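Descriptive structure summary
Chain residues, written in single-letter form:
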Amino acid sequence: MISSNDFNNLNNIAAYFKEVPFDVTRKGLYAAKDLYEGYDPDNDDTFKTCHDTKVYEHFISKGKQTSSVEESLARTLHDHGIHVALDQFFKEHDNLLCVGIMGGHAQLRTDKMYREIVFISKRLTEMGFYMLSGGGPGAMEATHLGAWMAGRTDEEVEDAIQMLLPSPSFKDKGWLATAFKVMRKYPQDKYVSLGIPTWLYGHEPSTPFATHIAKFFENSIREDSILTLAYGGIIYTPGSAGTLQEIFQDAVQNHYLSFGFSSPMIFLGKEFWTKEMPVYSLLDSLMQNGKYKNLLLNVTDDSDEIIAELMKFREKMKDVQK
């Protein structure tokens, strides 16, 4: 039997749920129009009052690691709803066609690697894959821009990139506005991509180019989801600490065949991954001496080689499923 005190506590929790600036019972993934509700690309100052900013400011005000039972429960229920929505997404999309691209959030739109990621993502999307990233700026944005521009000419893609160049960093005024203006000029509803950002890094705006956005409060859940869901393989582009974490977490899943098979781990940028940050060389050495097993490693500067490797894996998995 519920005591009067317990009943009052439940009422207080229910009242708290109504006050938070996010939907505690959310049942679907976000789209850009949901996350950036209230934002007007022609008035960049409206970013300060849009839905995403309100949620982030609330998140910070309550503490990244909150001691409030009500707040903790509200975040947990929200993230559970996002998980349920992701499950539904993968009932409608073959997870073996999901390919992740990981890389630095600080990568500039003016960086030649940014452009290369855009075109790799565009080609893979046109070939039936759908792209996954951490849903933020830099290499993540490039991933979803490429997927968004699938089916268009290379000249149109170059024009879209040029439209973004006045605001090369997510720290620059106009970064979000230029993205929305590209979407306005080049609308599409045919191709799908999935971004999985977090309010823990809410100072980095989520890319609106992702058609489906699974934004979490809990970053550890978000990180695990990114690496788990990219069944079709992951392309690693130059990054720093966050990318390194993802590489070794992915390597553990593949080593233990956590999901019944190992997916490709492809490193884009030989100089970077063998000399500047020699992670590929380390993993390859550990494979040779048996410390790691089952890793499908490749390092290359050739986008054609990347696509061929992913296609080969896709065909292999088709045969396994027969």
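Since we're looking at a predicted model, the values are computed, not measured. The residue count restarts for each chain, going from 1 along the sequence in the order it is written. Local features in this predicted model are restricted to residues whose pLDDT is 70 or higher, and side-chain atom pairs enter the listing and the counts only when it is 80 or higher, whereas totals over whole chains, interfaces and linings include all residues. The side-chain values count all of the structure's non-hydrogen atoms but skip hydrogen atoms and water molecules.

Between the rings of Phe, Tyr and Trp (Trp by its six-membered ring), a pair exists once the centres lie within 6.5 Å; its type follows the angle of the planes, with under 30 degrees stacked, over 60 edge-to-face, and the other angles tilted. All chains considered together, the criterion is met by 19 aromatic pairs. With a centroid separation of 6.4 Å and 40° between ring planes, the pair formed by Tyr 36 and Phe 47 is classed as tilted. Of this pair, Tyr 36 sits in the loop between helix 2 (32-35) and helix 3 (51-62) while Phe 47 sits in the loop between helix 2 and helix 3; the two residues are eleven residues apart in sequence, bridging distant segments of the chain. Buried means the residue's accessible area, taken with a 1.4 Å probe over protein chains only, is under 20% of the maximum for its type, while exposed means over 50%, and partly exposed covers the values in between. A relative accessible area of 3% means that Tyr 36 is categorised as buried. Each residue in the set Phe 22, Tyr 30, Phe 59, Trp 199 and Phe 217 is aromatic and connected to the rest through ring pairs, giving one cluster. Sitting above the plane of the Phe 129 ring, Arg 314 keeps its charged end 4.5 Å from the centroid. Strands are runs of DSSP state E lasting at least two residues, helices are runs of H or I lasting at least four, and both sets are numbered from the N terminus onward. Look at NZ for Lys and CZ for Arg. If either is within 6 Å of the ring centre and within 35 degrees of the ring normal, a charge sits over the ring.

Okay, the side chain of Glu 204 next. Position of Glu 204 among the secondary structure elements: in the loop between strand 3 (193-195) and strand 4 (212-213). Under this rule, positive means Lys or Arg and negative means Asp or Glu; His and the chain ends count for nothing. Whenever a carboxyl oxygen of Asp or Glu lies within 4 Å of a side-chain nitrogen of Lys or Arg, that contact is scored as a salt bridge. Of the buried charged residues, Glu 204 lacks a salt bridge, with Arg 222 as the closest side chain of opposite charge at 6.3 Å. By definition in these notes, contact holds between two residues if any of their heavy atoms fall within 4.5 Å. Non-local contacts of Glu 204, meaning those with residues more than four positions away in its chain, are made with His 105, Pro 137 and Phe 170.

Glancing now at the environment of His 255. Along the chain, His 255 falls in helix 10 (residues 241-255). Sequence separation between His 255 and Leu 295 is 40 residues, and the spatial gap between their C-alpha atoms is 6.2 Å. Dropping the residues within four chain positions of it, His 255 is found in contact with Lys 291, Tyr 292, Lys 293, Asn 294 and Leu 295.

On to helix 10. Between its first and last C-alpha, helix 10 extends 21 Å over 15 residues, near the 21 Å set by a 1.5 Å rise per residue. Restricting attention to buried positions, one finds in helix 10 the residues Thr 243, Glu 246, Ile 247, Asp 250, Ala 251, Gln 253, Asn 254 and His 255. For helix 10, the secondary structure elements touched by its buried residues are strand 1 (98-102), helix 9 (219-229), strand 5 (234-236), strand 6 (264-268), helix 11 (270-276) and helix 12 (279-288). Where helix 10 terminates, the next one or two residues include Leu 257, which has phi positive at roughly 50°. Expected helix span is computed as 1.5 Å times (number of residues minus one).

One open sheet accounts for seven strands, arranged 4-3-2-1-5-6-7; its pairing is parallel. Only two strands of the sheet have a single partner each, and these edge strands are strand 4 and strand 7 (296-300). Strand direction decides the pairing type here: strand 5 and strand 6, joined by three bridges, are parallel. By the bridge assignment, Ile 234 is partnered in strand 6 with Met 265. Helix axes use the C-alpha atoms of the stretch in contact, all axes being lines fitted to C-alpha atoms, and the angles between their N-to-C directions lie in the range 0 to 180 degrees. Here helix 4 (residues 69-92) sits on the sheet in contact with strand 1, strand 2 (130-133), strand 3 and strand 4, set at roughly 160° to strand 3. The pairing criterion is simple: DSSP has to find at least two bridges between the two strands.

It is worth spelling out the packing of helix 10 against helix 12 at this point. At a minimum axis distance of 12 Å, the contact between helix 10 and helix 12 shows a crossing angle of 20°. With respect to their mutual orientation, helix 10 and helix 12 come out roughly parallel. Like other packed secondary-structure pairs, helix 10 and helix 12 cross with a definite hand, here right-handed. Together, Leu 244, Ile 247, Phe 248 and Ala 251 of helix 10 and Val 279, Leu 282 and Leu 283 of helix 12 make up the contact between the two elements. An angle below 35 degrees is read as roughly parallel, one above 145 as roughly antiparallel, one from 65 to 115 as roughly perpendicular, and any other as oblique. Here is the rule for handedness: rotate from the far helix to the near one, and if that takes an anticlockwise turn smaller than a right angle the crossing is left-handed, while a clockwise turn gives right-handed.

Tracing the backbone through its elements, the reader meets Arg 222 in helix 9. What Arg 222 contacts, discounting residues up to four positions off in sequence, is Gly 134, Met 140, Ile 196, Pro 197, Thr 198, Tyr 201 and Phe 216.

The next thing to look at is the environment of His 93. Mapping His 93 onto the fold places it in the loop between helix 4 and strand 1. In the structure, His 93 is positioned 180 residues away from Trp 273 in sequence and 32 Å away in space, judged by C-alpha atoms. Look past the residues within four positions of His 93 in its chain and what remains in contact with it is Tyr 130 and Val 192.

Here the focus is the packing of helix 5 (residues 112-126) against helix 6 (residues 139-148). Orientation of helix 5 relative to helix 6, taken along the N-to-C sense of each, is 40°, at an axis distance of 7 Å. The angle between helix 5 and helix 6 falls in the class oblique. The chirality of how helix 5 crosses helix 6 is right-handed. Counting all contacts with helix 5, which are made through Tyr 114, Ile 117, Val 118, Ser 121, Lys 122 and Thr 125, the residues of helix 6 involved are Ala 139, Glu 141, Ala 142, Thr 143, Leu 145, Gly 146 and Ala 147. Note on residue classes: Ala, Val, Leu, Ile, Met, Phe, Trp, Tyr, Cys and Pro are nonpolar, Asp, Glu, Lys and Arg are charged, and everything else, Gly too, is polar. A class-by-class count of the residues in the contact of helix 5 with helix 6 yields seven nonpolar, four polar and two charged.

Quick look at the environment of Asp 304 now. In this fold, Asp 304 is placed in helix 13 (residues 303-321). On the basis of relative accessible area, Asp 304 is assigned to the partly exposed category, the value being 44%. Spatially, the C-alpha atoms of Asp 304 and Arg 123 are 9.8 Å apart, while their sequence positions differ by 181 residues. Each polar contact in these results corresponds to two N or O atoms within 3.5 Å; when the atoms are within protein, one needs to be able to donate a hydrogen and the other to accept it, and residues that are neighboring in sequence are counted only if both atoms are side-chain atoms. Of note is the side chain of Asp 304, whose polar atom sits 2.8 Å from the side chain of Arg 123.

Read these as spatial facts, not as claims about activity.
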